[in-house]
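For reference, the chains in residue letters:
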Amino acid sequence: MKSSPRLQAIDALRGLALWWMTAYHFAFDLNHLGWIRQNFLQDPFWTVQRTLIVSLFLLCAGLGQSVAVAQGQTWRRFWRRWAQVAVCAGLVSLGSWWMFPNSFIYFGVLHGLAVMLIVVRLIAGGGAWLWPLGALALAAGWGAEALHQTWPALAWLDAKPFNVLGLIAHKPITEDYVPVLPWLGWMLWGLAAGQWLLRRQPRLMAWQGGGLSRILAWCGRHSLSWYMLHQPVMLGALMAWRGWQA
């Protein structure tokens, strides 16, 4: 089966998120090695950046799903791509367990993406309802702490098997945490926005740029490989440099 053409606009936006993420992780690695001193858990300069980066990634994922559905992507092709994401999520868990055994990643970006891809695919025909559903998902995640204060009996949602939903009162100890709520909201809004643009502004979706946009689009087309390799490459290079300087 011949693959459907990719849209440069979405790939370039995803590529921008990749470069932003890479710069963020480079600073994180410098901090991990003790070369800078930053509080990545509490300093708004870093926490807000993380939120924006993940939001942009998931928005792009939703946009991509709108195009895939419009192009008639089969479930077989969907599951093949989904399996790649799921396998990479497992590798992230193993690698983070090796580096951070007390705070390894058990439900990070790729884990959340694997679950949310299925949900988004199943409700892709929701039409205009996707907008309020996305808003509800965002509100549910952001309002979870208030929900716990009102109903303390919901403390069981903080347990690891259930905190993947995101309805938590206390953030778990892990290097990356992207639960279904509120993050599903960004994917639903990306899906809804993509469907609207394909109907009303197809020229905007088919935009073709040059120069920097082409470079970003190339990166965006290889986002999963980039995501899996950028940290081992950067951290390995920094550790090698530190060893050479010693």
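Residues numbered from 1 in each chain as written. Predicted model: local features only at pLDDT ≥ 70, side-chain atom pairs only at ≥ 80, totals over all residues. Heavy atoms only, no water.

With that settled, consider helix α4 (residues 109–122). For α4, built from 14 residues, the straight-helix expectation of 20 Å at 1.5 Å per residue is met to within 8% by its first-to-last C-alpha distance of 20 Å. Of all 14 residues making up α4, ten are buried, and the element is well covered by its neighbours. For α4, the set of buried residues is Val109, Leu110, His111, Gly112, Leu113, Ala114, Met116, Leu117, Val120 and Arg121. Along its buried surface, α4 packs onto α2 (44–70), α3 (75–99), α7 (180–200) and α10 (223–245). (Helix = DSSP H or I, 4+ residues; strand = E, 2+ residues; numbered from the N terminus. Expected span 1.5 Å × (residues − 1). Buried < 20%, exposed > 50% of the residue type's maximum accessible area, 1.4 Å probe, protein only. Contact = heavy atoms within 4.5 Å.)

Turning our eyes to something else, we now look at unusual backbone geometry. That bond from leucine 181 to proline 182 is cis: its omega, 10°, falls within 30 degrees of zero. Structurally, proline 182 can be placed in helix α7.

Moving on, we get to helix α9 (residues 212–221). Here α9 has its buried residues at Ser213, Leu216, Ala217, Cys219 and Gly220. Taken end-on, α9 shows its buried residues confined to a sector of 160°, consistent with a single buried face. On its buried face, α9 is in contact with α1 (8–32) and α10. (Arc of directions from axis to C-beta.)

Once that is clear, we can look at the packing of α2 against α7. Viewed as axis vectors pointing N to C, α2 and α7 meet at an angle of 45°, and their least axial separation amounts to 7 Å. As the angle between them shows, α2 and α7 are arranged oblique. Judged by the sense of rotation from one axis to the other, the crossing of α2 with α7 is right-handed. Partitioned by chemical class, the residues of the contact of α2 with α7 number 14 nonpolar, eight polar and one charged. (Axes fitted to C-alpha atoms, helices over the stretch in contact; angles between N-to-C directions. Parallel < 35°, antiparallel > 145°, perpendicular 65-115°, else oblique. Left-handed = near helix turned anticlockwise from the far one by under 90°. Nonpolar A, V, L, I, M, F, W, Y, C, P; charged D, E, K, R; others polar.)

With their axes 10 Å apart at the nearest point, α4 and α7 run at an angle of 50° to one another. Taken together, the axes of α4 and α7 are oblique relative to one another. Considering only the axes of α4 and α7, their crossing is right-handed. Across the interface between the two elements, Leu113, Val115, Met116, Leu117, Val119 and Val120 from α4 touch Val180, Trp183, Leu184, Met187, Leu188 and Leu191 from α7. Class assignment for the residues of the contact of α4 with α7 results in twelve nonpolar, no polar and no charged.

This part is about the packing of aromatic side chains. Given two aromatic rings, their pairing is described by the distance between the two centres and the angle made by the two planes. Counted under the stated rule, the structure contains 15 aromatic pairs. Seen from their ring centres, phenylalanine 45 and tryptophan 46 are 4.8 Å apart, and the 85° between their planes marks the pair as edge-to-face. The exposure class assigned to tryptophan 46 is buried, which follows from its relative accessible area of 9%. Taken together, a centroid distance of 5.2 Å and an interplanar angle of 80° make the contact between tryptophan 75 and phenylalanine 78 edge-to-face. One end of the pair, tryptophan 75, and the other, phenylalanine 78, are both in helix α3, three residues apart, so they sit about a helical turn from each other. By relative accessible area, tryptophan 75 is classed as partly exposed at 36%. Every member of this aromatic cluster is reached through a ring pair, and the members are Tyr24, Phe28, Phe40, Phe45 and Trp46. (Phe/Tyr/Trp six-rings, centres within 6.5 Å; stacked < 30°, edge-to-face > 60°.)

With the rule as written, the count across this model stands at three salt bridges. One salt bridge in this structure joins aspartate 11 and arginine 14, with 2.8 Å as the shortest N-O distance. Of this pair, aspartate 11 and arginine 14 both sit in helix α1, three residues apart, roughly one helical turn. Pair check on accessibility: aspartate 11 and arginine 14 agree, each one buried. Here the salt bridges share partners, and the residues they tie into one network are Arg6, Asp11 and Arg14. (Salt bridge = Lys/Arg side-chain N within 4 Å of Asp/Glu carboxyl O.)

In this section: the confidence of the model for the protein chain. Residue-level pLDDT values for the protein chain average 93, and 98% of them are 70 or greater. Averaged pLDDT values for the elements of the protein chain fall to 83 in helix α8 (residues 202–205) and rise to 98 in α4. (pLDDT = per-residue confidence, 0-100.)

On to the side chain of asparagine 31. Along the chain, asparagine 31 falls in helix α1. Not counting residues up to four positions away in its chain, the partners in contact with asparagine 31 are Ile36, Arg37, Gln38 and Phe40.

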